[in-house]
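Residues per chain are reported as follows:
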Amino acid sequence: MALLVGVLLAVVVGVFATGVGLDRDRAFYPVVTIVVASYYALFAVMGASTHVLALELLGGAVFVCAAVAGFRWSLWIAVLALAGHGLFDFVHASVITDPGVPTWWPPFCLAYDVTAAAYLAWLLLSRRVAAAQPAR
């Protein structure tokens with residue numbers, strides 16, 4: 001069920017963002033990437049573990065850096081960051097034991113991330129969104 005909800009929510013958010021023009025701004029999907037990367041840190045705080053928080057912040061920093069690179073140079077990097085975070089969701093429990101993570105979160109977030117990455121890739125391939133910033 002978590003997988004289905006993740007896919008449906010990512011499609012709804014993507015279509016909504018396109019419909020109202022939110023994703024015309026290059027920052028939209030990099031910001032989505034930063035937000036999804038921040039949740040594991042929140043769960044570490046909820047689990048009251050400073051050690052796990054430090055690990056989650058290190059992991060999240062990788063995705064934040066990729067999101068910034070995607071914004072600055074090419075949104076294809078944001079596609080890779082979102083999809084990569086989905087893969088991180090898949091292996092998260094075997095890499096970091098975070099007692100604050102709800103059991104349904106990793107499959108939900110995996111589905112959301114991969115679907116959002118696929119939607120952004122479709123926007124880029126169809127040229128609805130430009131991959132790179134215009135030259136200054």
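Throughout what follows, the structure given in this document is the object of discussion. (Residues numbered from 1 in each chain as written. Predicted model: local features only at pLDDT ≥ 70, side-chain atom pairs only at ≥ 80, totals over all residues. Heavy atoms only, no water.)

## Considering the overall build of the chain
Worth spelling out the cut-off: Each helix is a run of DSSP H or I of at least 4 residues and each strand a run of E of at least 2, with the numbering of both proceeding from the N terminus. A radius of gyration in this sense is built from C-alpha atoms; the matching globule rule multiplies 2.2 Å by the number of residues raised to 0.38.
Along its length, the chain carries 5 helices and 0 strands. Reading the chain from its N terminus to its C terminus gives the helix and strand order α-α-α-α-α. Relative to the globule expectation of 14 Å for 136 residues, the C-alpha radius of gyration of the chain, 15 Å, shows essentially globular dimensions. With the C-alpha coordinates aligned to their principal axes, the bounding extent of the chain is approximately 45 × 35 × 20 Å.

## Examining the packing of helix 2 (residues 28-46) against helix 3 (residues 50-72)
What counts here: Inter-axis angles, ranging from 0 to 180 degrees, are taken between N-to-C directions of lines fitted to C-alpha atoms, where helices are fitted over the stretch in contact. Here the word oblique covers every angle except those under 35 degrees (roughly parallel), over 145 (roughly antiparallel) and from 65 to 115 (roughly perpendicular). Should any heavy atoms of two residues lie within 4.5 Å, those residues are counted as being in contact. Classification convention: Asp, Glu, Lys, Arg as charged; Ala, Val, Leu, Ile, Met, Phe, Trp, Tyr, Cys, Pro as nonpolar; all other residues, Gly among them, as polar.
Between helix 2 and helix 3, the shortest axis-to-axis distance is 8 Å and the interhelical angle comes to 175°. With respect to their mutual orientation, helix 2 and helix 3 come out roughly antiparallel. Contact with helix 2, carried on its side by P30, T33, I34, A37, Y40, A41, A44 and V45, involves V52, L53, E56, L57, G60, F63, V64, A67 and F71 of helix 3 and no other residues of that element. Counted by class, the contact of helix 2 with helix 3 contains 14 nonpolar, 2 polar and 1 charged residues.

## Considering helix 5 (residues 105-125)
How we decide: Expected span, for any helix, means 1.5 Å times one less than how many residues it has. Partly exposed describes any residue whose relative accessible area lies between the buried limit of under 20% and the exposed limit of over 50%, with all areas from a 1.4 Å probe on protein chains only and scaled to the type maximum.
For helix 5, built from 21 residues, the straight-helix expectation of 30 Å at 1.5 Å per residue is met to within 8% by its first-to-last C-alpha distance of 30 Å. The buried count for helix 5 comes to 15 of 21 residues, which makes it a mostly enclosed element. Where helix 5 ends, the next residue or the one after it, R127, has phi of about 65°, a positive value.

## Concerning helix 4 (residues 75-95)
Selection rule: Given a residue, its bend is the angle between the two axes fitted to the seven residues that end at it and to the seven that start from it.
Residue D89 marks the point of greatest curvature in helix 4, where the axis turns by about 40°. If you check which residues of helix 4 are buried, you get L75, A78, V79, A81, L82, H85, G86, F88, D89 and H92. Buried-residue contacts for helix 4 involve helix 2, helix 3 and helix 5.

## Concerning a nonpolar patch on the surface
Definition in use: Each patch is built from residues lacking any salt bridge and having more than 30% relative accessible area; the joining distance is 9 Å for like charges and 5 Å for nonpolar side chains (Val, Leu, Ile, Met, Phe, Trp, Tyr). The accessible surface values rely on the Shrake-Rupley method and a 1.4 Å probe; as for residues, cover is taken only from the protein chains in view. The salt bridge definition used is simple: a Lys or Arg side-chain nitrogen within 4 Å of an Asp or Glu carboxyl oxygen.
On the surface, a cluster of nonpolar side chains totalling about 440 Å² of accessible area is made up of M1, L4, V5 and L8. Residue placement: M1 occurs in the segment before helix 1 (2-20). In this structure M1 comes out as exposed when scored by relative accessible area, which is 77%.

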